[in-house]
Amino acid sequence: MSEKKRRAGPAAAGAASSSKKPRAAASYAESLRSKLRPDASILTSLRALASACAAASSKSKAAGKDPADQDPAADYIVVADQDSTSVTSRINRLVLAAARSILSGRGFSFAVPSRASSNQVYLPDLDRIVLLRRESARPFTNVATARKATVTARVLSLVHAVLRRGIHVTKRDLFYTDVKLFGDQSQSDAVLDDVSCMLGCTRSSLHVVASEKGVVVGRLIFADDGDQIDCTRMGVGGKAIPPNIDRVSGIESDALFILLVEKDAAFMRLAEDRFYNRFPCIILTAKGQPDVATRLFLRRLKVELKLPVLALVDSDPYGLKILSVYMCGSKNMSYDSANLTTPDIKWLGVRPSDLDKYRVPEQCRLPMTDHDIKVGKELLEEDFVKQNEGWVKELETMLRTRQKAEIQALSSFGFQYLTEVYLPLKLQQQDWI
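Cut-offs applied
- Residues numbered from 1 in each chain as written.
- Predicted model: local features only at pLDDT ≥ 70, side-chain atom pairs only at ≥ 80, totals over all residues.
- Heavy atoms only, no water.
- UniProt positions renumbered as here; feature names shortened; annotations may be inferred.
- Helix = DSSP H or I, 4+ residues; strand = E, 2+ residues; numbered from the N terminus.
- Axes fitted to C-alpha atoms, helices over the stretch in contact; angles between N-to-C directions.
- Parallel < 35°, antiparallel > 145°, perpendicular 65-115°, else oblique.
- Contact = heavy atoms within 4.5 Å.
- Nonpolar A, V, L, I, M, F, W, Y, C, P; charged D, E, K, R; others polar.
- Domains from an automatic or database assignment.
- Buried area = accessible area lost by both parts, 1.4 Å probe.
- Phe/Tyr/Trp six-rings, centres within 6.5 Å; stacked < 30°, edge-to-face > 60°.

To continue, consider the UniProt feature "domain: Topoisomerase 6 subunit A/Spo11 TOPRIM" (unreviewed entry) in the chain. Here, UniProt's "domain: Topoisomerase 6 subunit A/Spo11 TOPRIM" (unreviewed entry) annotation points to residues 257–427. The span residues 257–427 shows a helical share of 51% and a strand share of 13%, and its end C-alpha atoms are spaced 11 Å apart.

This brings us to the packing of helix α4 (residues 146–165) against helix α7 (residues 185–199). Interaxial distance between α4 and α7 falls to 9 Å at its minimum, and their mutual angle equals 70 degrees. In this view, α4 runs roughly perpendicular relative to α7, as classed from their interaxial angle. The segment α4 lies against α7, with Arg147, Lys148, Val151, Thr152, Val155, Leu156 and Val159 engaging Gln187, Val191, Leu192, Val195, Met198 and Leu199. Tallied by class, residues from the contact of α4 with α7 come to nine nonpolar, two polar and two charged.

Segmentation of the chain into domains returns domain 1 (76–209) and domain 2 (211–429). Centre-to-centre separation of domain 1 and domain 2, based on C-alpha positions: 32 Å. Taken residue by residue, the interface counts 21 residues in domain 1 and 22 residues in domain 2. Taking both sides of the interface into account, the surface hidden between domain 1 and domain 2 amounts to around 1900 Å²; carbon and sulfur atoms contribute 54%. Considering only the side of domain 1, the residues that lose the most area to domain 2 are Tyr122, Arg128 and Ile129, jointly responsible for 29% of the buried surface there.

Quick look at the packing of aromatic side chains now. Tallying each qualifying case throughout the model produces nine aromatic pairs. Aromatic rings pair up to connect Phe108, Phe110 and Phe140 into one cluster.

Right under this line is the structure:
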């Protein structure tokens, strides 16, 4: 053997060994297909799950344990949907009080619920984040708060005008009515949330909505402002979730569960493969960080249809943060968490333990950054995570291996592996936490 061949030998052997690993993973992935039982058997288990969920919902309702029920004596804020007349009357009372204060020579001031981070807490009994009843004054006569008081008065005026006309506008529309005063949309958005707290109503009651973001597809029929929508006929893109959920009515479905998906790419794969026909379900996504309309819509489906909700998110700290927002709310809108949260969502995948269980190739796994690790450790300290032993174990696995993966990592075994093997096997094994 020549010197050149002898030197190449170990390297060539290493390359051959490396190439065997992807082939072995692909072979194992294909072997999982043979473990799938007939669809009829999996559907039987799903029907049992749906029945159990409906029974639990009915029992909870009979016991009066609706998390949106308001307790006037509670030390936290619970806002509620209100009609235009009620909200308008509340604004009128605020303005009259300000006018009397000005005429008496004291200037005017607003009592605004404090939405500081320290005032937003997780309550285990409710399993959601709430806003405590603490107020701070916002006087116009104080240099530090004069501008904020002016913005608050302007937002109240704009909301009053919108309600009087009986129309809906977007947050962006609101910002452009007085760009010089607001300066930045984040300013008008923040004060809009303050106004909701002050009036004790949901943001949708103010007739100010966010732009359409979320989409839904699958075994669902509903009326959107009187127009009948069949979500099995919406194609790959799905039906945009209406920004004004009040216009949704007549919800009907023969689905066995709701599949909540983090990303648009996975949603498109599920929609194109008509996954909802093989396993009757409703599939929806907010295309990343959940918006208010999608969170409201999910809760509405859960409450009215009494179906279990299974979640499919990336195996990384941000996937879990997104899931936690759906489940127990966000601090930004803690005042409305009773109407926006769906507490009993089951984490179906992709979980950190799945990476080894399904032998996801190393080249499809991503190393966690220092920031990822920081966020993961912070999640482990959250009270709502500590409540769930399964979440703790999965997060610890993620931090120990320092690996993360997207849902699309499953495409390394084939573009339709997600819908043809991974999800069916998950449903068959009832592998969720």
